[in-house]
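Residue-level structure breakdown
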Amino acid sequence: MNDFVLQTVTQILMPFIQVYGIFVVLNGHLSPGGGFAGGTILGASIILYALTVDVKAAEGIYPDERAEMVESASVLVFVLLGLISLMMGRNFLTNIGIFPSPETGTLLTGGFIMPVTLAIGAKVASTVITLFTHLFEEKKS
Amino acid sequence: MAEIFHVLLLTFLIVCAVAVAYIRDLLSAVILFAAYSLVMAIIWQQLDAPDIAMAEAAIGAGVTTLLFVVTISKTRRQE
């Protein structure tokens, strides 16, 4: 689409959308939202850029191969974090405090919840982008 | 006051849902569906579920609309 207003507003708005998405992912254990909602916001910002400005430029920001790699790697991180607590003699994904928890409400608390939320956020954002590119370019995967 | 607001929201929701089923232009139906999702997100927030509201606003009004628009641009616009 070659609309000047749309392109300019998108380019101004995109960093704010991404900062909001990262905020939602990072504060997943403290405030509403979490990996799924924040990852979707992050992925939607890239899709917005691809639809309004240029598909090729959006592909340059976040290439398809890297998206697929991040998608698989974050699942691996999730499983490995679950296995750590299995190694410690507890059930799968039992919450063991790996951060020195200072006080309630600060960012570095909540044990495993923040790393797991980060992995889910990366996974969901990559999945949304991959879904869009495969639908848009009709790739045979 | 809050009850009037809720009744207004639910009325708008029902009108949107019926209009999506009856409208012939598919792009208009997608935009109506996005409006439906946005009102649904406000209703989730009013029902004290901000987590679901955020997911609904991101998925329903954002990604689903974009995917439908891409699909319509690949196919026909009229039903």
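1. Focus: the overall build of chain A
When helices and strands are tallied, chain A shows five helices and zero strands. Helices and strands appear in chain A in the N-to-C order α-α-α-α-α. Among the 141 residues that make up chain A, the fraction classed as buried is 36%. Sequence-distant contacts, at least 24 apart, represent 60% of the contacts inside chain A between residues at least 6 apart.

2. Regarding the interface of chain B and chain A
With twelve residues of chain B at the contact, the number on the chain A side is 17 residues. The contact between chain B and chain A buries some 1,300 Å² in all, and 84% of this surface belongs to carbon and sulfur atoms. Joining chain B to chain A, the criterion identifies zero salt bridges. Taken together, the links from chain B to chain A amount to two residue pairs in polar contact (both at pLDDT 80 or more). Across the side of chain B that touches chain A, the residue classes break down as nine nonpolar, one polar and two charged.

3. A closer look at the layout of surface pockets
Taken as a whole, the largest pocket holds about 230 Å³ of empty space. Around the largest pocket, the lining comprises 14 residues; the ones closest to its centre are L6(A), L48(A), L51(A), T52(A) and L66(B). Of all the secondary structure elements, the ones that give two or more residues to the lining of the largest pocket are helix 1 (4-26) and helix 2 (35-52) of chain A together with helix 3 (50-74) of chain B. Among the elements that make up the lining of the largest pocket, the one with the highest residue count is helix 3 of chain B (five residues). Taken together, the residues of the lining of the largest pocket sort by class into ten nonpolar, four polar and no charged. As for the second largest pocket, its lining consists of L13(A), I17(A), I41(A), A44(A), S45(A), L48(A), A57(B), A58(B), G62(B) and L66(B). Elements that contribute at least two residues to the lining of the second largest pocket include exactly helix 1 and helix 2 of chain A together with helix 3 of chain B.

4. A word on helix 4 (residues 64-87) of chain A
Side chains three or four residues apart in an α-helix point the same way, a direct result of the helix having 3.6 residues per turn. All names here are of chain A. The end-to-end C-alpha distance of helix 4 is 35 Å, a good match for the 34 Å that 24 residues give at a rise of 1.5 Å each. All of the buried residues in helix 4 are D64, A67, E71, S74, L81, G82 and S85. Taken together, the buried residues of helix 4 touch helix 3 (55-61) and helix 5 (113-137).

5. Observations regarding the side chain of S85(A)
Its place among the elements puts S85(A) in helix 4. Side-chain polar atoms of S85(A) contact the backbone nitrogen of T94(A), separated by 3.2 Å.

About the cut-offs
Residues numbered from 1 in each chain as written. Chains lettered and ligands numbered in written order. Predicted model: local features only at pLDDT ≥ 70, side-chain atom pairs only at ≥ 80, totals over all residues. Heavy atoms only, no water. Helix = DSSP H or I, 4+ residues; strand = E, 2+ residues; numbered from the N terminus. Buried < 20%, exposed > 50% of the residue type's maximum accessible area, 1.4 Å probe, protein only. Contact = heavy atoms within 4.5 Å. Buried area = accessible area lost by both parts, 1.4 Å probe. Salt bridge = Lys/Arg side-chain N within 4 Å of Asp/Glu carboxyl O. Polar contact = N/O pair within 3.5 Å; in protein donor to acceptor, adjacent residues only side chain to side chain. Nonpolar A, V, L, I, M, F, W, Y, C, P; charged D, E, K, R; others polar. 1 Å grid on protein atoms, 1.4 Å probe; cavity = no way out; pocket = protein on both sides within 12 Å on 5 of 7 lines; lining within 4 Å. Points joined across faces, edges and corners; volume = space filled by probe spheres on them. Expected span 1.5 Å × (residues − 1).

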